[in-house]
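Chains, contacts and geometry: an overview
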Amino acid sequence: MRTDRAPLLTVSHLQTWFPTGGRWFGRRRWLRAVDDVDLTICRAETVGLVGESGCGKTTLGRSILRLVEPRGGDVWFGGIDVLRLRPREMRALRRRMQIVFQDPYASLSPRRQVRQVLAEPLLLHGLALPADLDARVARLLADVGLEPYFMHRYPHEMSGGQRQRVAIARALALEPELIVADEPVSALDVSIRAQILRILLELRRKRGIAMLFISHDLSVVERVADRTVVMYLGRIVEEGETTAVIGAPLHPYMQRLVQSVPVADPVVRRRPTGACADAPPAIAATGCAFAARCPEVADLCRRVAPLLETKAGGRLVACHQR
Amino acid sequence: MAGVQRNPGSNVPPRSPLAVAVRRFRANRLAVSALYVIGALYLVAILAPLLAPYDPSAIDDVLATRYQPPSWTHPFGTDEFGRDLFSRALYGARVSLSIGFLATTIAIGVGTAYGAVAGYFGGAVDDALMRLVDVIIAFPTFFLMLMLIGLFEADIVVLVLILGLTSWTGTARLIRGEILSLKARNFIEGSRAIGLPGALIVVRHLIPNALASVLVTAALMVGGMIGAEAGLSFLGIGIRPPTPSWGNMVSAGQDALLVAWWIAFFPGSLLALTILCFNLLADGLRDALDPKTLMRKYV
Amino acid sequence: MLLSVQALSTHFALDDGLLKAVDDVSFEVEAWETVALVGESGCGKTIAALSIINLVPPPGRIVDGRVLFKGQDLARATHEALRRVRGRSIGFVFQEPGAALNPVYTVGGQIQEVALTHLGLSRHDATRLAVRLIGDVGIAEPERRARMYPFELSGGMRQRAAIAMAVSAEPELLIADEPTTALDVTVQAEIVDLLRHLQDTRRMAILLITHDLGVVAEMARRILVMYTGRIVETAPAGALFRAPRHPYTQGLLGSVLRLGAGRDAPLGGIPGSVPDLLDLPLGCTFHPRCPIADRSCEAAFPPLRPMAERRACACYKVHAN
């Protein structure tokens, strides 16, 4: 898949922290959901963002769209400094980057028909005249493979897969250049996922839409993403071309992740994991965030946080042992 | 009972959540009966001047007509002044029911707006607004009411305002809670993502989804307001005679309870019936509108 | 035969119609074996599991069939008899990690409660048992953790604690309803290993309810595939993955994305979506989405026909060769 090498989105040193603990008195403590993250997405490129719960991938996606406000760092989109925009300018920028959520049940307002859901962005940004609405909505539905009669349906009258298609249609309504897809198929039945993935792949092929594909499911990311970024506790630990990162991971955490994926074949036996070192991750004050669970941990790892460094083949890894 | 996630074919007409709720409500016979009773009471109250056989304040030959037990000419009997209690009850309905409705409207209106603003903005705005609510709640409302009633003469308008403006805090908290939990739902983020301005998000997305709680609270509150007015009037600090209100009618009948039970009995029963019906209506609304059961997946 | 479910039907009488969540389902579980009940949304597997221990939420009711556990019909047992079986002979693990854990009691305390109720141990012995179990399920520092509350534990630990509770009375059958679905994949792997370990050491049978075919491949000896409340195929695990017979099973297995299969490998998938459960298609409920269906599939739902290699398949187009 040829991607236009011009970067569309550049994120640098992004930090999104959430306050936790003492508010009125005492020192405030912070949850560093996104901690010093750099990321680049080129036009028509799909970047996979993987990690488990609490790694910050969801927060990163939302921070880029300013659905949650970062406390530091920069986000450049098409040459525009996103974080410094004023509300009205931000609203105009929203046309160009959209989001699709995980939960098809929660992403649509229960009281509105599909027609209203899809018409809202069109009318808001002056992209359609009220007279054309039905035609435009029908076209959007067709883009995601739904018959026109769906425009009169309410969310509770559609299946999860159909709802997710409507969510994608809504994201497409404004003709964005970037879509942040946050676990778009995780809540769907396995046999339905293919339908949604095909739609997303088509978007890239036919319209050149760039995508940040956030998922904890490596097998899905492998099919969809050109490059893959691995996060752990707010930081990027590995990054590179998808088949390489997933096929031959370098970072111990990513290796563990890949090993743990169950294989749908009874003949293949996974190596058993060790006993649970699964303490609720307290963010280490110093050193590597993965030190507490790493099988290759050394003293240096506990003292100094490793930086993301370039290795052979354009791979980036943050690990002292590599 | 509950709804299940449906996936109807193209030939099945769509049904809005409202339609689903109406159907569920209709299936609840108790709630529907309560609604009919309430409707009848309000209708009767509105038509009181046409329906009342006598002028509620008419005093004729007191000695001949006082303390008469219920009969064909006086279905609810007469009181100590010989006034027809049925007519008084009809006019009393006007007072009690209108106060209930209007006070609730004010309380719900103010509370919803306040709670929605606090919930939507969150952060410092929310903190400030809610601390104010805490202060108001800590205030002894009853004494405040007494004080205000002492300052202004207690007529219907005054009572409506006083009752309404001292009762909005509960609603504010409830709505704020609903809005906070709705805000976390993805479809609100989706609205922000397409650039919808905050005010529109509140009006178009948050409030309609919080409406269910509002309606249920409102139904309960009307019953509560009717009871509150009755209580105040009973104590003599609400609506004062000769204007009839169910509360002051019960009060008047207190002394003669053993001799002329009907003076207190009928207004008292009407009060109980009305409040009960509003509670049943609230229950029915809550069951019908419960969003969780709109699409529960059983399997 | 430890568990024998015969012609089980559990229906829900709703305003909009009759929902046949489980319809004429029969299967067996032998001692010390792991059987997986597999299917997607609307297939009825969770209701089937709840029906076994007669915990179906109203307005659901078991309307037909028998659930024979060691010869006793649980569908018709008295309340008292059921209470003795639940927890003691049949353990249940729910989908939400620690959904069975009451947030206001310590973890150790809750496990103790099971031991006290069913095993009649003294409080002292029950405490020791609870701590030992917490250690057995792989939670480090069991004495300290036993005194903690559920919210202080991570999702994975909560699920381990819930499993400890489920196995504390040494049940012969453990029903695990999507035990790994809500967990991260690294934790998931640990839970699977834990369940296998417990099964070996305690000689438990496991009835695994899940939609995750990877987990099924790692744990199950036999697999039952469900669709819209009915069983459409049963087979030993190896045979099913190697050569699925029913078109739905084929579609399902074809939809599983394998890691390392490459970017261009087919995505699979089954067209359409699960039908409206209150308005099921006539005949075979899968026929509108089936690649090999024809008019004859619209008559009646195909019976589950036994085939070679201890398999069975409910499809008119599949012949028992």
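Residues numbered from 1 in each chain as written. Chains lettered and ligands numbered in written order. Predicted model: local features only at pLDDT ≥ 70, side-chain atom pairs only at ≥ 80, totals over all residues.

1. With respect to the overall build of chain C
Broken down by element type, chain C carries 10 helices and 12 strands. For chain C, the spread of C-alpha atoms along the three principal axes comes to 65 × 50 × 40 Å. Counting across all 321 residues of chain C, residues that qualify as buried make up 53%. (Helix = DSSP H or I, 4+ residues; strand = E, 2+ residues; numbered from the N terminus. Buried ≥ 20, exposed ≤ 12 C-beta atoms within 10 Å, placed from the backbone.)

2. Digging into the interface of chain A and chain C
Taken residue by residue, the interface counts 40 residues in chain A and 40 residues in chain C. Going through the elements one at a time, α5 (160–173), α6 (190–207), α7 (218–224), α8 (242–247) and α9 (252–260) of chain A are the ones with two or more residues in the side of chain A that touches chain C. Grouping the constituent residues of the side of chain A that touches chain C by class yields 17 nonpolar, 13 polar and 10 charged. (Contact = placed C-beta atoms within 7 Å. Nonpolar A, V, L, I, M, F, W, Y, C, P; charged D, E, K, R; others polar.)

3. Looking at the confidence of the model for chain C
Mean pLDDT over chain C works out to 89, with 99% of the residues at or above the 70 mark. Here the predicted complex scores 0.83 on pTM and 0.84 on ipTM. (pLDDT = per-residue confidence, 0-100.)

4. Overview of the nonpolar core
In terms of nonpolar packing, the biggest core is built from 203 residues, with Phe213 of chain A together with Ala36, Leu207, Val216, Ile223 and Leu224 of chain C touching the most fellow members. Considering every element that reaches this core, the biggest residue donor is helix α6 (residues 155–167) of chain C, with 8 residues. Non-local contacts of Ala36 of chain C, meaning those with residues more than four positions away in its chain, are made with Leu208, Thr210, Val216, Met219, Ala220, Ile223 and Leu224 of chain C. Val160, Trp168, Leu232 and Leu271 of chain B belong to the second largest nonpolar core, which has 69 residues in total. (Core = buried A, V, L, I, M, F, W, Y, C linked by C-beta atoms within 7 Å.)

5. So, the environment of Val157 of chain B
Checked against the element boundaries, Val157 of chain B lands in helix α8 (residues 156–166). Separated by 81 residues in sequence, Val157 of chain B and Phe76 of chain B place their C-alpha atoms 28 Å apart.

6. What about the pairing of strand β10 (residues 230–236) of chain C?
All names here are of chain C. Counting buried residues in β10 gives 6 out of 7 residues, a clear majority hidden from the surface. Judged from the 6 bridges that link them, strand β9 (residues 222–227) and β10 form a sheet pairing that is antiparallel. Each bridged residue has a counterpart across the sheet, and for Ile223 the counterpart in β10 is Ala235. (Pairing = 2+ DSSP bridges.)

7. Looking at the pairing of strand β4 (residues 60–69) of chain C
Residues and elements named next belong to chain C. Pairing of strand β1 (residues 3–14) with β4 involves 8 bridges; the strand directions are antiparallel. From the neighbouring strand, His11 faces β4, where its bridge partner is Arg61. If you look at the hairpin formed by β4 and strand β5 (residues 72–73), you'll find 2 residues sitting between the two strands, and Lys70 has a positive phi there, around 50°.

8. Considerations on the sheet that holds strand β2 (residues 17–29) of chain C
Backbone-to-backbone hydrogen bonds join strands into a sheet, with any given pair of strands oriented parallel or antiparallel. Pairing is antiparallel in the open sheet, where 4 strands are placed in the order β2-β1-β4-β5 (chain C). The sheet is open, and its two borders are formed by β2 and β5 of chain C, each paired with just one other strand.

9. Notes on the environment of Gly240 of chain A
Residues and elements named next belong to chain A. Mapped onto the elements, Gly240 comes out in strand β10 (residues 235–241). Its 23 C-beta neighbours within 10 Å are what place Gly240 among the buried residues. The spatial distance from the C-alpha of Gly240 to the C-alpha of Val229 is 6.7 Å, given a sequence separation of 11 residues. Every residue in contact with Gly240, bar those within four places of it in the chain, is listed here: Arg227, Thr228, Val245, Gly314, Arg315 and Leu316.

10. Focus: the interface of chain B and chain A
In this complex, chain B contributes 26 residues to the contact, which on the side of chain A involves 30 residues. At the level of secondary structure, the elements contributing two or more residues to the side of chain B that touches chain A comprise α10 (186–193) and α11 (198–234) of chain B. Sort the elements by how many residues they give to the side of chain B that touches chain A and α10 of chain B lands first, with 6 residues. Of the residues assigned to the side of chain B that touches chain A, the class counts are 11 nonpolar, 10 polar and 5 charged.

11. As for the packing of helix α3 (residues 107–119) of chain C against α6 of chain C
All names here are of chain C. It is the contact of α3 with α6, at a shortest axis distance of 8 Å, that shows an interaxial angle of 20°. Here α3 is positioned roughly parallel relative to α6, judged by the angle of their axes. Crossing of α3 over α6 shows right-handed handedness. Residues Val107, Gln110, Ile111 and Val114 of α3 lie in contact with α6, whose contacting residues are Ala161, Ala164 and Met165. (Axes fitted to C-alpha atoms, helices over the stretch in contact; angles between N-to-C directions. Parallel < 35°, antiparallel > 145°, perpendicular 65-115°, else oblique. Left-handed = near helix turned anticlockwise from the far one by under 90°.)

12. Comments concerning α10 of chain B
Where burial is concerned, most of α10 of chain B is hidden: 7 out of the 8 residues are buried. Those residues of α10 of chain B that are buried are in contact with β6 (97–100) and α5 of chain A together with α9 (168–183) and α11 of chain B. Just downstream of α10 of chain B lies Gly195 of chain B, where phi reads positive at about 90°.

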